[in-house]
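# A closer look at the structure
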Amino acid sequence: MRGRALANFTNEIKRDLLAYFPTTRAGALAAIAAMLSTSGALTEGGFVVISENERVAEYFQLLSEALGIRPEIREVTRDPKRRRDKITFFCGGESALSVLSETRALRPHLEENRDAALCYLRAAFLGGGSCTLPRVGASTGYHLECVFFTQERAEEFCDLLSGFELFGKLARRGDTFVVYVKSREAISDVLSVLGAKSALKKLDAVSAARARTNNENRIQNCMASNADKAAIASAAQTVALQKLQESGKLQTLPEALRRTATARLEHPTLSLAELAGILGVSKGGLNHRMRKLMQIYEETEQ
(Lines give C-alpha, C1' and ligand atoms only; values in the text may rest on other atoms or scores of the structure.)
Protein backbone atom coordinates (compact mmCIF):
# COMPACT_ATOMS: atom_id res chain seq x y z
CA MET A 1 0.00 0.00 0.00
CA ARG A 2 2.79 2.40 0.89
CA GLY A 3 4.63 1.82 -2.42
CA ARG A 4 1.42 2.57 -4.33
CA ALA A 5 0.94 5.78 -2.32
CA LEU A 6 4.42 6.98 -3.22
CA ALA A 7 3.91 6.09 -6.88
CA ASN A 8 0.85 8.36 -6.93
CA PHE A 9 2.71 11.36 -5.54
CA THR A 10 2.74 13.00 -8.99
CA ASN A 11 -1.06 12.84 -9.06
CA GLU A 12 -1.22 14.39 -5.59
CA ILE A 13 0.81 17.35 -6.82
CA LYS A 14 -1.39 17.70 -9.89
CA ARG A 15 -4.54 17.65 -7.78
CA ASP A 16 -3.15 20.56 -5.77
CA LEU A 17 -2.18 22.52 -8.89
CA LEU A 18 -5.55 22.01 -10.57
CA ALA A 19 -7.08 24.14 -7.82
CA TYR A 20 -5.34 27.18 -9.33
CA PHE A 21 -7.27 28.06 -12.46
CA PRO A 22 -5.95 31.20 -14.23
CA THR A 23 -7.97 34.32 -13.40
CA THR A 24 -6.55 36.52 -16.17
CA ARG A 25 -6.23 36.12 -19.92
CA ALA A 26 -2.44 36.43 -19.62
CA GLY A 27 -2.46 33.57 -17.10
CA ALA A 28 -4.63 31.40 -19.35
CA LEU A 29 -2.40 32.10 -22.35
CA ALA A 30 0.68 31.21 -20.28
CA ALA A 31 -0.97 27.92 -19.21
CA ILE A 32 -1.85 27.02 -22.81
CA ALA A 33 1.71 27.83 -23.89
CA ALA A 34 3.10 25.56 -21.14
CA MET A 35 0.87 22.64 -22.10
CA LEU A 36 1.87 23.01 -25.74
CA SER A 37 5.52 22.86 -24.67
CA THR A 38 5.09 19.69 -22.60
CA SER A 39 2.18 17.71 -24.03
CA GLY A 40 1.21 19.32 -27.34
CA ALA A 41 2.27 20.06 -30.88
CA LEU A 42 1.49 22.50 -33.67
CA THR A 43 -0.49 21.11 -36.58
CA GLU A 44 -1.89 22.48 -39.79
CA GLY A 45 -4.62 24.93 -38.86
CA GLY A 46 -4.07 24.75 -35.08
CA PHE A 47 -2.55 22.53 -32.41
CA VAL A 48 -3.08 19.31 -30.47
CA VAL A 49 -2.67 18.54 -26.77
CA ILE A 50 -2.47 15.02 -25.34
CA SER A 51 -3.39 14.12 -21.77
CA GLU A 52 -3.29 10.87 -19.79
CA ASN A 53 -4.94 12.40 -16.74
CA GLU A 54 -8.71 12.87 -16.75
CA ARG A 55 -8.63 15.89 -14.46
CA VAL A 56 -5.89 17.54 -16.49
CA ALA A 57 -7.93 16.89 -19.65
CA GLU A 58 -10.91 18.65 -18.07
CA TYR A 59 -8.63 21.51 -17.03
CA PHE A 60 -7.41 21.89 -20.61
CA GLN A 61 -10.97 21.93 -21.93
CA LEU A 62 -11.98 24.67 -19.50
CA LEU A 63 -8.80 26.60 -20.29
CA SER A 64 -9.46 26.43 -24.03
CA GLU A 65 -13.07 27.50 -23.64
CA ALA A 66 -12.01 30.44 -21.46
CA LEU A 67 -9.89 31.61 -24.40
CA GLY A 68 -12.70 31.14 -26.91
CA ILE A 69 -11.54 27.80 -28.32
CA ARG A 70 -13.74 24.74 -28.74
CA PRO A 71 -11.40 21.73 -28.43
CA GLU A 72 -12.33 18.55 -30.28
CA ILE A 73 -11.48 15.08 -29.01
CA ARG A 74 -9.66 13.53 -31.96
CA GLU A 75 -8.59 10.21 -30.42
CA VAL A 76 -8.84 8.16 -27.24
CA THR A 77 -6.43 5.24 -26.84
CA ARG A 78 -5.86 2.84 -23.96
CA ASP A 79 -2.40 2.29 -22.47
CA PRO A 80 -2.57 -1.34 -21.23
CA LYS A 81 0.60 -1.08 -19.13
CA ARG A 82 -0.37 2.10 -17.30
CA ARG A 83 -4.10 1.35 -17.48
CA ARG A 84 -4.87 4.87 -18.59
CA ASP A 85 -6.72 6.51 -21.45
CA LYS A 86 -4.69 8.86 -23.62
CA ILE A 87 -6.91 11.69 -24.90
CA THR A 88 -5.88 13.76 -27.93
CA PHE A 89 -7.51 17.19 -28.31
CA PHE A 90 -7.43 19.23 -31.49
CA CYS A 91 -7.85 22.99 -31.41
CA GLY A 92 -8.29 24.63 -34.78
CA GLY A 93 -9.84 27.55 -36.57
CA GLU A 94 -9.29 31.28 -36.28
CA SER A 95 -9.73 31.28 -32.50
CA ALA A 96 -6.95 28.71 -32.02
CA LEU A 97 -4.60 30.50 -34.42
CA SER A 98 -5.31 33.77 -32.63
CA VAL A 99 -4.45 32.21 -29.27
CA LEU A 100 -1.20 30.82 -30.70
CA SER A 101 -0.30 34.32 -31.87
CA GLU A 102 -1.03 35.72 -28.40
CA THR A 103 1.08 33.08 -26.66
CA ARG A 104 4.05 33.94 -28.89
CA ALA A 105 3.66 37.61 -28.03
CA LEU A 106 3.35 36.83 -24.31
CA ARG A 107 6.40 34.57 -23.92
CA PRO A 108 9.06 37.33 -23.91
CA HIS A 109 7.20 39.06 -21.07
CA LEU A 110 6.44 36.10 -18.81
CA GLU A 111 9.24 36.96 -16.37
CA GLU A 112 7.70 40.40 -15.87
CA ASN A 113 4.29 38.97 -14.95
CA ARG A 114 4.53 36.92 -11.75
CA ASP A 115 0.95 35.63 -11.95
CA ALA A 116 1.32 34.50 -15.56
CA ALA A 117 4.71 32.94 -14.78
CA LEU A 118 3.15 30.87 -11.99
CA CYS A 119 0.36 29.79 -14.34
CA TYR A 120 3.02 28.66 -16.82
CA LEU A 121 5.01 26.72 -14.20
CA ARG A 122 1.92 24.96 -12.85
CA ALA A 123 0.56 24.06 -16.29
CA ALA A 124 3.98 22.80 -17.40
CA PHE A 125 3.97 20.34 -14.51
CA LEU A 126 0.39 19.35 -15.30
CA GLY A 127 1.42 18.63 -18.88
CA GLY A 128 4.84 17.04 -18.46
CA GLY A 129 5.79 16.85 -14.81
CA SER A 130 6.42 13.96 -12.44
CA CYS A 131 7.86 13.46 -8.98
CA THR A 132 9.03 10.37 -7.12
CA LEU A 133 9.84 9.97 -3.45
CA PRO A 134 12.13 7.40 -1.84
CA ARG A 135 10.55 4.42 -0.14
CA VAL A 136 11.47 4.14 3.52
CA GLY A 137 14.60 2.02 3.79
CA ALA A 138 15.35 2.20 0.05
CA SER A 139 18.46 3.74 -1.50
CA THR A 140 16.56 5.65 -4.19
CA GLY A 141 16.28 9.39 -3.71
CA TYR A 142 14.01 12.34 -4.43
CA HIS A 143 13.39 13.39 -8.02
CA LEU A 144 11.09 15.99 -9.59
CA GLU A 145 11.18 16.72 -13.31
CA CYS A 146 9.36 18.37 -16.19
CA VAL A 147 9.82 17.17 -19.78
CA PHE A 148 9.82 19.50 -22.79
CA PHE A 149 9.92 18.87 -26.52
CA THR A 150 12.53 21.57 -27.26
CA GLN A 151 15.62 22.89 -25.53
CA GLU A 152 14.35 26.45 -25.94
CA ARG A 153 11.22 25.75 -23.92
CA ALA A 154 13.19 23.84 -21.26
CA GLU A 155 15.55 26.79 -20.88
CA GLU A 156 12.56 29.12 -20.70
CA PHE A 157 11.19 27.01 -17.85
CA CYS A 158 14.55 27.21 -16.03
CA ASP A 159 14.56 30.99 -16.41
CA LEU A 160 11.06 31.26 -14.94
CA LEU A 161 12.09 29.03 -12.02
CA SER A 162 15.09 31.24 -11.29
CA GLY A 163 12.74 34.23 -11.04
CA PHE A 164 11.31 32.53 -7.93
CA GLU A 165 14.80 31.60 -6.66
CA LEU A 166 14.29 28.00 -7.77
CA PHE A 167 17.06 26.35 -9.75
CA GLY A 168 16.63 23.32 -11.97
CA LYS A 169 19.17 21.36 -13.99
CA LEU A 170 18.70 20.65 -17.68
CA ALA A 171 19.50 17.37 -19.41
CA ARG A 172 18.69 15.82 -22.76
CA ARG A 173 16.81 12.51 -22.76
CA GLY A 174 16.41 11.08 -26.24
CA ASP A 175 14.42 13.59 -28.27
CA THR A 176 13.21 15.50 -25.20
CA PHE A 177 14.73 17.94 -22.71
CA VAL A 178 14.27 17.46 -18.98
CA VAL A 179 14.43 20.08 -16.24
CA TYR A 180 14.87 18.41 -12.85
CA VAL A 181 15.66 18.91 -9.17
CA LYS A 182 16.77 16.06 -6.93
CA SER A 183 17.14 17.16 -3.31
CA ARG A 184 14.29 17.11 -0.82
CA GLU A 185 14.90 20.77 0.01
CA ALA A 186 14.75 21.84 -3.65
CA ILE A 187 11.56 19.87 -4.29
CA SER A 188 10.02 21.34 -1.14
CA ASP A 189 10.82 24.84 -2.41
CA VAL A 190 9.23 24.10 -5.80
CA LEU A 191 6.04 22.71 -4.25
CA SER A 192 5.85 25.66 -1.88
CA VAL A 193 6.12 28.23 -4.69
CA LEU A 194 3.57 26.37 -6.84
CA GLY A 195 1.17 26.14 -3.90
CA ALA A 196 0.98 22.34 -3.73
CA LYS A 197 0.18 22.34 0.00
CA SER A 198 -1.14 18.80 0.44
CA ALA A 199 1.77 17.34 -1.53
CA LEU A 200 4.19 19.41 0.55
CA LYS A 201 2.77 17.88 3.76
CA LYS A 202 3.20 14.41 2.26
CA LEU A 203 6.79 15.23 1.31
CA ASP A 204 7.55 16.39 4.86
CA ALA A 205 5.99 13.21 6.31
CA VAL A 206 8.00 10.94 3.99
CA SER A 207 11.17 12.92 4.72
CA ALA A 208 10.65 12.62 8.49
CA ALA A 209 10.05 8.85 8.22
CA ARG A 210 13.16 8.45 6.06
CA ALA A 211 15.22 10.46 8.56
CA ARG A 212 14.02 8.24 11.43
CA THR A 213 14.87 5.09 9.48
CA ASN A 214 18.32 6.40 8.53
CA ASN A 215 19.00 7.34 12.14
CA GLU A 216 17.93 3.89 13.35
CA ASN A 217 20.18 2.29 10.74
CA ARG A 218 23.12 4.43 11.86
CA ILE A 219 22.53 3.41 15.48
CA GLN A 220 22.29 -0.27 14.53
CA ASN A 221 25.45 -0.05 12.41
CA CYS A 222 27.26 1.66 15.26
CA MET A 223 26.10 -1.00 17.71
CA ALA A 224 27.15 -3.73 15.29
CA SER A 225 30.53 -2.08 14.83
CA ASN A 226 31.02 -1.79 18.60
CA ALA A 227 29.98 -5.42 19.02
CA ASP A 228 32.54 -6.46 16.41
CA LYS A 229 35.25 -4.45 18.19
CA ALA A 230 34.29 -6.00 21.53
CA ALA A 231 34.41 -9.51 20.03
CA ILE A 232 37.85 -8.84 18.54
CA ALA A 233 39.12 -7.47 21.86
CA SER A 234 37.71 -10.45 23.75
CA ALA A 235 39.37 -12.89 21.36
CA ALA A 236 42.71 -11.09 21.70
CA GLN A 237 42.42 -11.14 25.49
CA THR A 238 41.63 -14.86 25.53
CA VAL A 239 44.65 -15.71 23.34
CA ALA A 240 46.98 -13.59 25.49
CA LEU A 241 45.70 -15.08 28.76
CA GLN A 242 46.03 -18.64 27.44
CA LYS A 243 49.67 -17.95 26.64
CA LEU A 244 50.24 -16.49 30.12
CA GLN A 245 48.65 -19.60 31.59
CA GLU A 246 50.76 -21.98 29.47
CA SER A 247 53.96 -20.13 30.38
CA GLY A 248 53.18 -20.34 34.12
CA LYS A 249 53.23 -16.53 34.42
CA LEU A 250 49.52 -16.35 35.26
CA GLN A 251 49.98 -18.29 38.52
CA THR A 252 52.49 -15.70 39.78
CA LEU A 253 50.12 -12.72 39.43
CA PRO A 254 48.09 -11.09 42.25
CA GLU A 255 44.78 -12.81 43.11
CA ALA A 256 42.60 -10.07 41.52
CA LEU A 257 44.38 -10.41 38.19
CA ARG A 258 44.28 -14.24 38.37
CA ARG A 259 40.51 -14.21 39.05
CA THR A 260 39.99 -11.81 36.17
CA ALA A 261 42.05 -13.92 33.77
CA THR A 262 40.29 -17.13 34.85
CA ALA A 263 36.87 -15.53 34.35
CA ARG A 264 37.78 -14.35 30.86
CA LEU A 265 39.12 -17.78 29.90
CA GLU A 266 35.94 -19.44 31.18
CA HIS A 267 33.67 -16.88 29.41
CA PRO A 268 35.50 -15.78 26.23
CA THR A 269 32.37 -14.41 24.48
CA LEU A 270 30.97 -12.23 27.27
CA SER A 271 31.17 -8.46 27.09
CA LEU A 272 33.15 -6.51 29.70
CA ALA A 273 29.91 -5.43 31.36
CA GLU A 274 28.69 -9.04 31.63
CA LEU A 275 32.08 -10.24 32.88
CA ALA A 276 32.19 -7.43 35.46
CA GLY A 277 28.82 -8.62 36.77
CA ILE A 278 30.17 -12.12 37.33
CA LEU A 279 33.25 -10.81 39.15
CA GLY A 280 31.27 -8.28 41.17
CA VAL A 281 33.37 -5.30 40.07
CA SER A 282 32.69 -2.17 38.05
CA LYS A 283 33.19 -2.16 34.29
CA GLY A 284 35.88 0.51 34.72
CA GLY A 285 37.68 -1.57 37.32
CA LEU A 286 37.55 -4.65 35.09
CA ASN A 287 38.80 -2.64 32.13
CA HIS A 288 41.78 -1.48 34.22
CA ARG A 289 42.60 -5.10 35.17
CA MET A 290 42.39 -6.22 31.54
CA ARG A 291 44.75 -3.47 30.41
CA LYS A 292 47.19 -4.57 33.14
CA LEU A 293 46.98 -8.22 32.05
CA MET A 294 47.56 -7.28 28.39
CA GLN A 295 50.52 -5.13 29.41
CA ILE A 296 52.04 -8.06 31.32
CA TYR A 297 51.50 -10.31 28.29
CA GLU A 298 53.21 -7.83 25.93
CA GLU A 299 56.19 -7.51 28.31
CA THR A 300 56.42 -11.30 28.50
CA GLU A 301 56.43 -11.59 24.70
CA GLN A 302 59.25 -9.10 24.25
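A brief structural summary. (Residues numbered from 1 in each chain as written. Predicted model: local features only at pLDDT ≥ 70, side-chain atom pairs only at ≥ 80, totals over all residues. Heavy atoms only, no water.)

### So, a negative patch on the surface
- A grouping of E111, E112, E155 and D159 is seen on the molecular surface, where their side chains present a negatively charged patch.
- Within the secondary structure layout, D159 lies in helix 7 (residues 151-162).
- Exposure remark for D159: the relative accessible area of 40% places this residue in the partly exposed category. (Patch = residues over 30% accessible without salt bridge, like charges linked within 9 Å, V, L, I, M, F, W, Y side chains within 5 Å. Areas by Shrake-Rupley, 256 points an atom, 1.4 Å probe, with all protein chains shown as cover. Salt bridge = Lys/Arg side-chain N within 4 Å of Asp/Glu carboxyl O. Lys, Arg positive; Asp, Glu negative; His and termini not counted. Charge placed at Lys NZ, Arg CZ, Asp CG, Glu CD. Helix = DSSP H or I, 4+ residues; strand = E, 2+ residues; numbered from the N terminus. Buried < 20%, exposed > 50% of the residue type's maximum accessible area, 1.4 Å probe, protein only.)

### Examining the sheet that holds strand 8 (residues 176-181)
- Here we have 4 strands laid out as an open sheet, ordered 5-6-8-7, and antiparallel in their pairing. Of all the strands in the sheet, just strand 5 (129-132) and strand 7 (169-173) have a single pairing partner and so form its edges. Within this sheet the neighbouring strands show an average axis-to-axis angle of 25°, counted without direction.
- Sheet topology places strand 6 (residues 143-148) next to strand 8; 5 bridges connect them, and they run antiparallel. The partner of C146 across the bridge, within strand 8, is V179.
- In this fold helix 6 (residues 114-128) packs onto strand 5 and strand 6, with an angle of close to 90° to the strand it touches most, strand 6.
- Each of strand 6, strand 7 and strand 8 touches helix 7; the most contacted strand, strand 8, lies at about 20° to it. (Pairing = 2+ DSSP bridges. Axes fitted to C-alpha atoms, helices over the stretch in contact; angles between N-to-C directions. Contact = heavy atoms within 4.5 Å.)

### Observations concerning the environment of S207
- By the element assignment, S207 lies in helix 9 (residues 197-247).
- Dropping the residues within four chain positions of it, S207 is found in contact with Y142 and R184.

### Quick look at the packing of aromatic side chains
- Going through the model one piece at a time under the given rule, you end up with 3 aromatic pairs.
- Plain terms: the ring middles of F21 and Y59 are 5.6 Å apart, the flat faces sit at 75° to each other, and that makes the pair edge-to-face. Linking F21 in the loop between helix 2 (9-17) and helix 3 (25-39) with Y59 in helix 4 (residues 54-66), this pair joins segments that are 38 residues apart in sequence.
- Both rings, one in F148 and one in F157, keep their centres 5.0 Å apart while their planes meet at 50°; by these two values the pair is tilted. With respect to burial, F148 and F157 carry one shared label: buried.
- Geometry around F90 places R74 over its ring, the cationic atom sitting 4.0 Å from the centre.
- Cation over ring: R122 sits above Y20, and NZ or CZ is 3.9 Å from the ring centre. (Phe/Tyr/Trp six-rings, centres within 6.5 Å; stacked < 30°, edge-to-face > 60°. Lys NZ or Arg CZ within 6 Å of the ring centre and 35° of its normal.)

### Regarding the sheet that holds strand 4 (residues 84-92)
- Here we have 4 strands laid out as an open sheet, ordered 1-2-4-3, and antiparallel in their pairing. The open sheet has two free edges, formed respectively by strand 1 (40-43) and strand 3 (72-79), since each of these has just one partner strand. Across the sheet, the axes of successive neighbouring strands diverge by a mean angle of 20°, strand direction being ignored.
- Across 6 bridges, the pairing between strand 2 (residues 46-51) and strand 4 is antiparallel.

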